[in-house]
Amino acid sequence: MYIKESKQTYDAIVIGSGITGGWAAKEFSEKGFKTLLIERGRVVEHRKDYVGEGMPPWEQPLRSKVSLAEIEQQYHVQKNCYAFNDSTKHFFGNDRDLPFETAKGTDFWWIRANQLGGKSLLWHRFSYRWSDFDFNANKLDGFGNDWPIRYQDLAHWYSYVERHVGICGQKESLPQLPDSEFLPPFDMTAPELHIKQQLEAAFPDRKLIHGRQAHLTKPSAHHLAQGRGQCQARNECQKGCSFGAYFSTQSSTLPDAAKTGNLQIAPNSVVHSLIYDGISNRVKGVRVIDNEDLSQREYFGKVVFLCASTLGSTQILLNSRNKTFPNGLANRSGVLGHYLMDHNYNAWARAEIPGFEDAFYSGRRPGGLYIPNFYFKPNPKRPFLRGYGMSAGAYREDWKAMQHEDGIGIAFKQQLQKPGKWQFWLGAQGEMLPRFENSVQLHAFKKDKWGIPQLEINCRFSENERLMMLDAAEQGQLMLEKIGLENVSCGLHDKPPGSGIHELGTARMGRDPKDSVLNGFNQSHDIPNLFVTDGASFCSSAVQNPSLTFMALTVRAVNYAVKEIAARRI
Ligand SMILES: Cc1cc2nc3c(=O)[nH]c(=O)nc-3n(C[C@H](O)[C@H](O)[C@H](O)COP(=O)(O)OP(=O)(O)OC[C@H]3O[C@@H](n4cnc5c(N)ncnc54)[C@H](O)[C@@H]3O)c2cc1C
Ligand code: SF4
């Protein structure tokens, strides 16, 4: 299945093997297309290469910490990700090899995962559908271009991917958060059930619901046939999971694609640029630099899907400029590289939960609860546009609450063994508006070790996002006080864009080729056999975690491309 050189002209080339690329490869292979999946990084085999799995902190030299020297030399950006530690570091991009610039006075945390499987190995699996309030938002307040699709265009494809992926959660019939095809949710704890009841009574417009996650709480026959098993609630996921109990390329899409016999994978193949044929106005192949020995090779195909993650795909398009497209391939509109977005997680609130001293829980639930956006309807009286969702959860303090206390003797040991107070926390996830000035471009002269121009990122949160986070902190405090929690506090972080790890935009969709790169099927307006199906295609960010929508868009785009090829329009 793994190849290096190839003379074959593939029916489909997919660039990037993360969440979107895995889906594109599976769909094309299953439709009988001879498919080449190109990945810049090394091979990571399911189970065999989860080297941190099952290793407790006390067996690690620095108790799961990464040495400061290693961080400074190789992970000075990646270290900012909450999931970065000694058991997961090998799944993060290496900042020494993957340099990028930020415009003066700006900062951006570009968190990457450059191996087979991409960030599908590292993600937190929260999976929420978008609603028409999200697809209509740009049109209603005029900020950003109108999405060329609506919920009904995606509803079928959401169901299609959800049945395969396995999403746990509970039906709620909320207008702003359509239900998925659910497996049973993880349980709420006793204090969470109490808080849910109090909060929904005190704030009738707000709901505290189960987080919806790509975990097999009760695998179906279809999931078992993928070789996946039931989630054991260990919360070890980002080390890789041999049960295949969370969705990743390795556990789910790749095995199905491989079964068809139609898939070949070119690992360690860094795509430098796309090969464009001006006579046919088609992309006919891909130029690649070998990840290890820096040699060059080319692959040829009839249709090309860019799934290299939002900024990875845009970097490839910008670097594929030529005489016909001097500002980046498929960029007649001039918007390629613009309207970069992320989510803003900068507001929080916290409180102690009185009572429940006799309540505890078993297992380590790998996720939490969610308060869906209660500002989903536009309201000109609010000082900012759009809204935010909130992650939430209760936990009981354990010995770690005393980790900074000195002590010795029996009394101290017994104190460490006693469960501590119940705490409740809220964390905002706010929408970021699409702004032309938030952008990426190729650096004028700085290149990486493969000779590819570095990206220069120029991105800031605006006053709208600042006001939104102030409101989220205040509302968080208000909610926790009103339902009788104690020692309530709230606050703001100052993390830059990129910290949400939901990069979106820079090759957006649209109806008008003059103001968008892609049409409503993720197909380039300018070059018919070129598609971009990752987050680059987004016109707005909404508040929900985006990867489920990436998957739905990808399978829909493959389905469309296959029909267009059959009709000889591609
Ligand atoms: C810790 C963490 C938690 C997250 N939690 C969530 C969550 O709960 N819910 C959610 O929706 N999202 C979450 N995300 C984000 C989610 O992981 C991404 O949105 C998703 O993986 C993006 O899919 P993708 O296919 O676009 O890119 P990726 O999964 O990043 O895959 C892109 C692939 O393309 C390859 N590539 C890039 N450039 C090139 C090139 N030039 N040549 C060849 N190959 C290339 C990369 O090596 C990579 O393998 C989280 C991310 C992280 C890191
Ligand atoms: S919590 Fe579930 S998905 Fe995560 S590592 Fe454990 S078994 Fe795997």
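Details of the structure are given in the entry above.
Treat the numbers as computed from the prediction; the structure is a model and nothing was measured. (Residues numbered from 1 in each chain as written. Chains lettered and ligands numbered in written order. Predicted model: local features only at pLDDT ≥ 70, side-chain atom pairs only at ≥ 80, totals over all residues. Heavy atoms only, no water.)

Novice: What is the right way to look at the site of ligand 1 in this model?
Specialist: In the vicinity of ligand 1 lie 36 residues, with T20, E39, N114, H124 and S547 positioned nearest. Between ligand 1 and the protein, one listed contact pairs an oxygen atom with a backbone N or O atom of R125 at 3.3 Å. Side-chain polar atom of N545 to a nitrogen atom of ligand 1: 3.5 Å apart, as the coordinates give it. Isolated, ligand 1 exposes 990 Å² of accessible area, and the fraction of that covered by the protein chains is 96%. (Near = heavy atom within 4 Å. Polar contact = N/O pair within 3.5 Å; in protein donor to acceptor, adjacent residues only side chain to side chain. Areas by Shrake-Rupley, 256 points an atom, 1.4 Å probe, with all protein chains shown as cover.)

Novice: What is the right way to read the sheet that holds strand β13 (residues 347–353) from this model?
Specialist: Strand pairs in the sheet, formed through backbone hydrogen bonds, run parallel or antiparallel to each other. The 6 strands are arranged β7-β14-β15-β16-β13-β19 in an open sheet whose pairing can be described as antiparallel. Edge strands, defined here as strands with exactly one partner in the open sheet, are β7 (209–210) and β19 (486–492). Taken together, the 6 bridges between β13 and strand β16 (residues 422–430) define a ladder with antiparallel strand orientation. Looking across to β16, one finds that E352 is bridged to Q423. (Pairing = 2+ DSSP bridges. Helix = DSSP H or I, 4+ residues; strand = E, 2+ residues; numbered from the N terminus.)

Novice: Would you take a moment to explain the packing of helix α4 (residues 151–165) against helix α11 (residues 547–566) for this structure?
Specialist: Geometrically, a packed helix pair is captured by the angle between its two axes and the distance between the axes. Where α4 contacts α11, the axes come no closer than 8 Å and their chain directions differ by 110 degrees. In terms of their interaxial angle, α4 and α11 are classed as roughly perpendicular. Where α4 approaches α11, its residues D153, L154, W157, Y158, Y160, V161, E162 and V165 are matched on the opposing element by L548, T549, M551, A552, L553, V555, R556 and N559. (Axes fitted to C-alpha atoms, helices over the stretch in contact; angles between N-to-C directions. Parallel < 35°, antiparallel > 145°, perpendicular 65-115°, else oblique. Contact = heavy atoms within 4.5 Å.)

Novice: What am I meant to see in the nonpolar core here?
Specialist: Among soluble globular proteins, nonpolar side chains are generally buried collectively. With 98 residues, the main nonpolar core has I13, I15, L274, L329, I457 and L530 as its most contacted residues. Among the elements that take part in this core, α4 stands out by supplying 7 residues, more than any other. In this structure, I457 is in contact with F100, E101, T102, A103, T106, F108, W110, L311, L340, S439 and V440, ignoring residues within four places of it in sequence. If you look at the next biggest cluster of nonpolar residues, it comprises 32 residues, including L199, A349, Y375 and F384. (Core = buried A, V, L, I, M, F, W, Y, C linked by side-chain atoms within 4.5 Å. Buried < 20%, exposed > 50% of the residue type's maximum accessible area, 1.4 Å probe, protein only.)

Novice: What am I meant to see in the packing of aromatic side chains here?
Specialist: For any pair of aromatic rings, the description rests on two quantities: the centre-to-centre distance and the angle between the ring planes. Applying the stated criterion across every chain yields a total of 31 aromatic pairs. The aromatic ring of W110 is capped on one face by R112, whose charged end is 4.1 Å from the ring centroid. The ring of Y246 is capped by R125, whose NZ or CZ atom sits 5.4 Å from the centre of that ring. (Phe/Tyr/Trp six-rings, centres within 6.5 Å; stacked < 30°, edge-to-face > 60°. Lys NZ or Arg CZ within 6 Å of the ring centre and 35° of its normal.)

Novice: Explain the environment of L263 to me, please; I cannot follow it from the model alone.
Specialist: Along the chain, L263 falls in strand β8 (residues 263–266). Along the chain, L263 and G229 lie 34 residues apart, while their C-alpha atoms are 24 Å from each other. Not counting residues up to four positions away in its chain, the partners in contact with L263 are M1, A25, S29, T35, L37, L254, A257 and A258.

Novice: Help me out: how do you make sense of the pairing of strand β3 (residues 35–38) in this one?
Specialist: The two faces of a sheet get side chains in turn, since along a regular strand they alternate between them. Taking every second residue as pointing to the same face, both faces of β3 are buried, with T35 and L37 on one and L36 and I38 on the other. Summarising the sheet, strand β2 (residues 12–15) and β3 pair through 4 bridges and their orientation is parallel. Paired with V14 across the strands is L37, a residue of β3. Taken together, β2, helix α1 (residues 19–30) and β3 form a β-α-β motif whose crossover is right-handed. (Right-handed = clockwise from strand over helix to strand, strands pointing away.)

Novice: For this particular structure, what's the right way to read the sheet that holds strand β9 (residues 269–277)?
Specialist: One open sheet holds the 4 strands; their spatial order is β1-β11-β10-β9, and the pairing between them is mixed. Here the strands that pair on one side only, and so sit at the sheet edges, are β1 (9–10) and β9. Note: β1 against strand β11 (residues 296–301), 2 bridges, orientation parallel. Each bridged residue has a counterpart across the sheet, and for T9 the counterpart in β11 is F300.

Novice: Quick question: what am I supposed to make of the side chain of E192 here?
Specialist: Within the secondary structure layout, E192 lies in helix α5 (residues 190–202). A relative accessible area of 0% means that E192 is categorised as buried. The contact partners of E192, leaving out residues within four places of it in the chain, are L208, R365, L369, G393 and A394.

Novice: Got a minute to help me understand the environment of L504 in this structure?
Specialist: Structurally, the position occupied by L504 is in the loop between β19 and β20 (530–532). Take L504: its relative accessible area is 0%, and that puts it in the buried class. Each C-alpha atom of the pair L504 and M432 lies 9.8 Å from the other, and the pair is 72 residues apart in sequence.

Novice: Explain the side chain of Q115 here, please?
Specialist: Examined against the element boundaries, Q115 turns out to sit in the loop between β4 (101–102) and α3 (132–141). Overall, the relative accessible area of 1% leaves Q115 in the buried class. Ignoring anything within four residues of it in the chain, the contact list for Q115 reads S17, E39, G41, R42, V44, H90, F91, F92 and L121.

Novice: Just checking my understanding: could you explain the pattern of salt bridges for this structure?
Specialist: One pass over the full model with this rule turns up 35 salt bridges. A salt bridge links D290 to K4, with the shortest nitrogen-to-oxygen separation between them at 3.6 Å. Placement of the pair is D290 in strand β10 (residues 282–290) and K4 in the segment before β1, with a sequence separation of 286 residues. You can call D290 buried: its relative accessible area is 2%. The partner of K302 in a salt bridge is D11, and the shortest N-O contact between them spans 3.3 Å. In this pair, K302 sits in the loop between β11 and β12 (304–306) while D11 sits in the loop between β1 and β2, placing the two residues 291 residues apart along the sequence. When salt bridges that share partners are traced, they join K26, E27, E30, D256 and K259 into one network. (Salt bridge = Lys/Arg side-chain N within 4 Å of Asp/Glu carboxyl O.)

Worth remembering: the numbers are spatial, not functional.
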